[in-house]
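Observations on the three-dimensional arrangement
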Amino acid sequence: MDRTLETAGCKSRSEFLEKAALFYAGCVSGQDACEFLPAALTDALRSTVHDSENRTCRLLFKLAVELDNEFLL
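Here goes a summary of the coordinates provided. Just so it is clear, the model here is predicted, and its values are computed rather than measured.

**Focus: the overall build of the chain**
- Check the secondary structure of the chain and you find 3 helices and 0 strands.
- The helix and strand sequence of the chain, counted from the amino end, reads α-α-α.
- Residue burial in the chain is summarised as follows: out of 73 residues, 7% are buried.
- For the chain, the accessible area works out to roughly 6,500 Å², and carbon and sulfur atoms hold 61% of it.

Below, the structure written as structure tokens:
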């Protein structure tokens, strides 16, 4: 526990245990997972979803232009 205090951003053992208990309670109760996942992981997931949305939008636009060109011919 002492080695992970600094990594967890805790100033005392009691603060570390409090954070651990809240984490466990959140996992058990099934609350919003974003509160318990590391910030880097949630940022990476959001970025991946955003990139996927952008790619899908570009492809849909290209498809719409192609379909419009076929109907004009």
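**Describing the pattern of salt bridges**
- Here the structure, examined in full by the defined rule, presents 1 salt bridge.
- Ionic pairing is found between D2 and R13, a salt bridge with its closest N-O pair at 2.7 Å. Of this pair, D2 sits in helix α1 (residues 2–8) while R13 sits in helix α2 (residues 13–29), and the two are 11 residues apart along the sequence.
- Among the residues examined, D2 registers a relative accessible area of 47% and is labelled partly exposed.

**Re a nonpolar patch on the surface**
- A surface patch of nonpolar side chains, amounting to about 450 Å² of accessible area, comprises L60, L63, L67 and F71.
- Mapped onto the secondary structure, F71 falls in helix α3 (residues 39–72).
- Judged by its relative accessible area of 72%, F71 falls in the exposed class.

What counts, and where the lines are drawn
Residues numbered from 1 in each chain as written. Predicted model: local features only at pLDDT ≥ 70, side-chain atom pairs only at ≥ 80, totals over all residues. Heavy atoms only, no water. Helix = DSSP H or I, 4+ residues; strand = E, 2+ residues; numbered from the N terminus. Buried < 20%, exposed > 50% of the residue type's maximum accessible area, 1.4 Å probe, protein only. Areas by Shrake-Rupley, 256 points an atom, 1.4 Å probe, with all protein chains shown as cover. Salt bridge = Lys/Arg side-chain N within 4 Å of Asp/Glu carboxyl O. Patch = residues over 30% accessible without salt bridge, like charges linked within 9 Å, V, L, I, M, F, W, Y side chains within 5 Å.

Coordinates in, geometry out; function isn't part of it.
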